Amino acid sequence: MVLVPDGLDKVWRAQRLLLRQRYDECIEICSALLDKNPYDQAVWYLKCRALTMKNYLDDTEIEDEGVAEVLLDDNAIAKLPRPGTSLARPLTGAKSGGASQGVRPVSSSGRPLTGFARPGTMTRPGTQSTDVRGAFAGNRPGTSRPVTGSDRFVRLGTASMLSEPGGPFIAVEKLDLRKYAARPALARVLCDYVIYHDHNPKKSLELCAIATQLAEYKDWWWKARLGKSYYQLGLLREAERQFQSALKNSDMVSVTLELCKCYVRLDQPNTCLDAYARAGTNHPDEPQLELGKARIHDAVNDMAQSVTCYKRVLSIDSSNVEAIACLGAHHFYTDQPEVALRFFRRLLQMGVSSTELWNNVGLSCFYASQYDMCLSCMEKALALANDENMADAWFNIGTIGIGIGDLGLAYQSLKIAVSIEAKHAESFNNLGVLELRKGNVDQARANFQTAASLVPHLFEPFFNGALLAFKLGDFQESFELCTKSLDAYEDHSDSHELLKQLKQHFSTC
Amino acid sequence: MLTPSFQLILTDPIIPGQAAVGRYNGKLPCLTCATNGGKIFVHSPHEVAGTDGKKVKYLNFNRKVTALATCDLDPELAGRDLLLVGTATNLLAYDVENNSDYFYKDVPDGVSAVACGELARTAGGAKLALVGGNCSLQGFDADGVEHYWSVTGDNVAAMVLCDVDLDGENELVVASDDFDIRFFQGDEVIGEIVEADRATALANLSEMGQPQVSFSYALENGTIGVYHNTHRLWRVKSKNKPICLASYDIDGDGQEEVISGWSNGKVEARNARMGEVVFRDIFPDSMSALIRADYRNDGREEIVCCSTSGEVRGYLAAEPEMAGKLLETEGADEEQLASLHQRRQELMYELNSYESNMKSAQVAYETSLSMNSEPKKEGVLSAITGGGASNMSDKVKNQLLEGVIPSDTKISSYTEQDLDHQCAFLVLSTNNDTVIRAVVVFGEQVFEGESFFVHPPNPTSTCRVPFRPGKESSADLLLKVLVGVRNSDVVHVFELDYKLPKFIMYAHDASGTLHIGDAPAGSLTFEANERLSRLAYWIDASFGTKYAESAGDSLEAKFINVRNNEALIISASMTPSGSIMVVFRSNEMDVVGDMVQDLAAAVGLQELESVADFPRDLENFRDVLLKVDEHNAVRLKLTAETADSAGVLKALVIKAEDARLLRDISGMRRAYGNLFALNRELIAEHTKRANNHSDLLTLLREVNAMIQRCAKLRVGTARTRIVSACRAAIKANNIQSLFKLLKTGNT
């Protein structure tokens, strides 16, 4: 119960609380006031705003496609576009201008790991690999599963009613939207409430349509909200039209960001880049636009371009976590661990502290030959780790162990890694190599097989398996695995070499 | 015989008329065709095989593609073509190379034809993507900005850019479903042709410097032909349907031929000037598109022929020495022999029929002799000989034997209208006792199928040919009247021409005896700087009346529309300044518009402003506009609802699948049950949406048609101005000014 001292205006108090983002208290006061006088518009406004802000999501950033969208939607025009022109077909090999797959590992969608885990881009599989199994598996095998639909936007009627005793604050279905649309201030609050609190794009669409009409099609805000409603309903083309129309009225960054989200869903990265570039002429120093560009370049695997964009982002906003992390990862994989270390240290200075970051710092230290630091970093990483990322930390310790020649440590750590996460393919692969060195051929073979079956986009288990099979004289299996390795990484020269030898062997005998 | 320079069998069917060749990267040609299931496929034979080595790529539009074209719309792209795709509500310009939209425009009137190029007096000579839809024409530039808007009479069936008037700039030739072909020079209509059926294709012939031909056309009823400006050079008709047209110099003589593709798989090249066949080939399936392109990328243009089943053949122009030999096949001699045989057979039949006729006439003659003693009977013979058989001369006898009719036999013809049957009659009669056994009438646009055969069961000396042309047009009727004597099978064929007045379906109320109800409420008033007698001449020529002789200071002519008994009154009077004031009174705007245009063409009026007052039509129009708003609102709501349900549907599918994986059978059953119910709901919603959409289309078309009708009440700049002003008013949603425009032609 919030106490409001006597003599203090309760409405004013609620207003202050709203400004200080103490929404629950604000809502409480407003509810009490509204019980007395349900027609107090100012209080209604405050409560509506507080409820909206409580449930607010920055939807220019969050882009989560659920399994349903991935499997059942077919928004992209081109089925088989030129590589580099589609998010489903990133650039490969030398064209990308980045580190090769042999150095920089790839995610399940076949593009290099970025330095920053963002929603959407990691889970979204390429169209050619869209099968039910792939869609249900998360970005880390076995650990997570993407949401069913765009669950963030799904109406949870019961939940919202539970949270508010006496039924929902506003029963949108019963409102006469035409009446509300005529009052510009209330209509906007109501619109945001419907979108962010009720997640009812159908109703907000109706409201926005009426309001846009009343504003004689000149108000960018209503058009942008109309576009947002269309977007949430999955009507991308209509959304695109509204956003474009809104941009004509008033060039806003947020609208551009939302417009670009449409293009991403339509799988048109080039159109997206054009839109960013157009907006960039009016807003030359807007980090969000540059960041958007960088993400798109990243997604089509155009490393050289994306790095330039990230650098521009940093020159505008020197504490942008995403840009720092991505640049750090870039430098790390382009064999400049010292430079990468500076970026990661910068992140630490900014107060970011997570297992992933300590992992990165540790590995950078290791490759920069600061061996004294690396193990203590890994300890920090382990201390912060939870079930999801502990396996990665142990795997990294294992890698360090292999690097410094402490195979015992390596073996132990990798064993721990697979014990924590039974589907950690990278650990299985490295374990296999270690077993092989120990002379446990069957063990090694089993490990490679496990790794390969877990993550078909890694080429290492395939190649290791192929090499082992070749040495054991099982040429047929070697050939099959070698082909698979090349499927995962077409420029892998060792696999090519092996394949050549195999072919030679087949043709002579 | 010309053999294809290449042949491809593509696995996907090609939708007729929707294929084009584009150079999406500016260098290599790709064949792009619409196929089933809202998809387009791109066949790129020259592309270096990528990782998968497939030559056919698919583009997915998820809705029916209604028109397709390729064009280097934006000069900044340096020769790279864009793909223009039209669907029922949108036009998309798509950059295939970069997988990106160039622009995506709403076209509520639908896209039924797309042409691309520079149009005279529009957009400063920039290339436009011209879109023909439901009664409307739109032109977009490379940024998707609308630079051109105009209206046509009906849904656009085909469009082509063509320099019709030889001024070095392209006019837009538009064929619409009301059988009209119109030439647009910018906003202005500079020519109009009425054809006999819906056009299916048009092709430009003026490109290769042939000043005597403009374009070729193909009609649904099996006709193809060539026009020079509004003058038709030739036409041929066959029982198959022409699907597509192109122009290409296939015999290598330096002049383009008309290439046509037919529903039976025939590809035919005809000389553009004369129409004789130059080359012919046959496909196993119906043709679907003919494209001129350098598809082998060797610098020589070919004609690429696509059939509906996906077979593609390319023909390269023949070497000059091959000219004239393209039709020769190996079995030419046998074919000729067979045709000669057939000719012989036909001649034999003809001879036989003459002989048998002679015999029967002989018999008749003998009977008549034997009847000679009896009293004169009203009979066949006496009627012909004009007296008793007793004074029958040898000549007459011979005539009778041969079934010959008297040499002074003449056929007279006139027309009359029949209000009860709501049709007009052409009355033919002979000037003596010979009878009209049958009449074959051939008249374009007057009859369905262009010709009509009347065969009275009891032949008399007059014959009435009923007709009811669908639209007003001054047609030339070619009549073949089969006249014979009563007892003979031999008939004589009289060939006659009859020029129908343009407004033949309006019965003249000369004496005021026809029942004309209340005076029509609508009226059109205009002042023309002309003499009254010229107006009278025009009325006489187009209605078949006689006012010219008796023209005084004023004139009033009353007519009744035979089709629906609506009255039409034309009155005119001299003004003190020497011009004439003309008033058309009718309830039908269409009719008055036609008449104004006809009058302007006949007396050579370049400019005509008028004041229109058609309360009935305007009231209807107001309703239409209101309904458009209503339907738009409903459409928005339905779209949102459907999308919402579709979202839930998707989630349900996944939830059911989850339940299955968890072996939660009852949960799965529940999910599928919900899914089933929701699906049924969606289908019902879809029906609603479809109905709403088709209603909306009809209404939008009504709006465009109204603008067209109002424009037709004016001539010259007034006509052009009203179209663009109406567009502006509709865009601004300014109903008041729209109505004022429609009435006065000014805002």
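Thresholds, definitions, all that
- Residues numbered from 1 in each chain as written.
- Chains lettered and ligands numbered in written order.
- Predicted model: local features only at pLDDT ≥ 70, side-chain atom pairs only at ≥ 80, totals over all residues.
- Heavy atoms only, no water.
- Helix = DSSP H or I, 4+ residues; strand = E, 2+ residues; numbered from the N terminus.
- Buried < 20%, exposed > 50% of the residue type's maximum accessible area, 1.4 Å probe, protein only.
- Contact = heavy atoms within 4.5 Å.
- Areas by Shrake-Rupley, 256 points an atom, 1.4 Å probe, with all protein chains shown as cover.
- Lys, Arg positive; Asp, Glu negative; His and termini not counted.
- Charge placed at Lys NZ, Arg CZ, Asp CG, Glu CD.
- Domains from an automatic or database assignment.
- Buried area = accessible area lost by both parts, 1.4 Å probe.
- Salt bridge = Lys/Arg side-chain N within 4 Å of Asp/Glu carboxyl O.
- Polar contact = N/O pair within 3.5 Å; in protein donor to acceptor, adjacent residues only side chain to side chain.
- Nonpolar A, V, L, I, M, F, W, Y, C, P; charged D, E, K, R; others polar.
- Phe/Tyr/Trp six-rings, centres within 6.5 Å; stacked < 30°, edge-to-face > 60°.
- Lys NZ or Arg CZ within 6 Å of the ring centre and 35° of its normal.
- Pairing = 2+ DSSP bridges.
- Axes fitted to C-alpha atoms, helices over the stretch in contact; angles between N-to-C directions.
- Disulfide = S-S within 2.5 Å.

1. As for the overall build of chain B
Of the regular secondary structure elements, chain B holds 9 helices and 41 strands. In terms of principal-axis extent, the alpha carbons of chain B reach across some 110 × 80 × 65 Å. For chain B, buried positions account for 51% of its 747 residues. In chain B, the share of contacts with a sequence separation of at least 24, taken over all contacts with a separation of at least 6, comes to 54%. Total accessible area on chain B is roughly 34200 Å²; 51% of this is exposed by carbon and sulfur atoms. Between the averaged position of the 74 positive side-chain charges in chain B and that of its 104 negative side-chain charges there is a distance of 5 Å.

2. Brief notes about the domain arrangement of chain A
Residues and elements named next belong to chain A. Segmentation of chain A into domains returns domain 1 (1-54) and domain 2 (149-250). Carbon and sulfur atoms make up 79% of the surface buried where domain 1 meets domain 2, a total of about 1000 Å² over both sides. If you sort the residues of domain 1 by the area they bury against domain 2, Trp44, Leu51 and Thr52 come out on top, with a joint share of 53%. Between the two partners, domain 1 and domain 2, sit 1 salt bridge. One salt bridge connects Asp192 with Arg49, and the closest N-O pair in it is separated by 3.8 Å. In this structure, the connection of domain 1 to domain 2 is made through 0 residue pairs in polar contact (both at pLDDT 80 or more). Looking at the side of domain 1 that touches domain 2, the element that brings in the most residues is helix 3 (residues 41-54), giving 8 residues. In the side of domain 1 that touches domain 2, the residues fall into 5 nonpolar, 2 polar and 2 charged.

3. Some details on the packing of aromatic side chains
Residues and elements named next belong to chain B. The tally for this structure, following the rule as stated, stands at 29 aromatic pairs over all chains. An angle of 70° between the planes, with centres 6.3 Å apart, marks the rings of Phe503 and Trp538 as edge-to-face. A residue pair is termed long-range when its members are at least 10 positions apart, and Phe503 in the loop between strand 35 (491-499) and strand 36 (506-508) and Trp538 in helix 4 (residues 532-543) qualify at 35 residues. By relative accessible area, Phe503 is classed as buried at 1%. Grouping aromatic residues by their ring pairs yields a cluster made of Phe503, Tyr506, Phe526, Trp538, Phe543, Phe559 and Phe584. The ring of Phe283 has Arg313 lying over it, and the distance from NZ or CZ to the ring centre is 4.0 Å. Stacked on the ring of Phe739, the Lys or Arg Arg622 has its end atom at 4.3 Å from the ring centre.

4. So, the domain arrangement of chain B
All names here are of chain B. The domain architecture assigned to chain B consists of domain 1 (14-194), domain 2 (201-318), domain 3 (320-355), domain 4 (411-500), domain 5 (506-600) and domain 6 (615-744). Distance from the C-alpha centre of domain 2 to the C-alpha centre of domain 4: 37 Å. Taken together, the contact pairs 5 residues of domain 2 with 4 residues of domain 4. Together, the buried faces of domain 2 and domain 4 total about 290 Å²; carbon and sulfur atoms form 16% of this surface. Where domain 2 touches domain 4, the interface holds 0 salt bridges. Put simply, domain 2 and domain 4 have 0 residue pairs in polar contact (both at pLDDT 80 or more) between them.

5. Thoughts on the sheet that holds strand 7 (residues 82-86) of chain B
With antiparallel pairing, 4 strands are arranged side by side in an open sheet as 6-7-8-9 (chain B). Sheet topology places strand 6 (67-71) and strand 9 (100-106) of chain B at the edges, where each strand pairs with a single neighbour. Neighbour-to-neighbour, the strand axes of this sheet turn through a mean angle of 15°, independent of strand direction. Across 4 bridges, strand 7 of chain B lies against strand 8 (residues 90-95) of chain B in antiparallel orientation. Along strand 8 of chain B, the bridge assignment pairs Leu83 of chain B with Tyr94 of chain B. Here helix 11 (residues 236-249) of chain A sits on the sheet in contact with strand 8 and strand 9 of chain B, set at roughly 85° to strand 9 of chain B.

6. Some remarks on the state of the cysteines
Tallied over the entire structure, the rule returns 1 disulfide over all chains. Note that Cys71 of chain B is cross-linked by a disulfide to Cys116 of chain B, the S-S spacing being 2.1 Å. Measuring handedness by torsion sign, the sulfur bridge of Cys71 of chain B and Cys116 of chain B sits at about -45° and is left-handed. Taken together, the residues span a long stretch of sequence, with Cys71 of chain B in strand 6 and Cys116 of chain B in strand 10 (residues 113-118) at a distance of 45 residues. With relative accessibility at 6%, the residue Cys71 of chain B sits in the buried group. Here Cys116 of chain B falls in the partly exposed class, since its relative accessible area comes to 23%. Take Cys326 of chain A: it sits in no disulfide, and the sulfur closest to it among the cysteines is that of Cys309 of chain A, at 11 Å. The thiol of Cys726 of chain B is not disulfide-bonded; the next cysteine sulfur, from Cys710 of chain B, is found 6.6 Å away.

7. Points about the environment of Ser577 of chain B
All names here are of chain B. With respect to the secondary-structure elements, Ser577 resides in the loop between strand 39 (567-574) and strand 40 (580-586). Classification of Ser577 by relative accessible area gives exposed; the value is 60%. C-alpha separation for the pair Ser577 and Met706, spaced 129 residues apart in sequence, amounts to 33 Å. In this structure the side chain of Ser577 is engaged in a polar contact, spanning 3.5 Å, whose partner is the side chain of Ser579.

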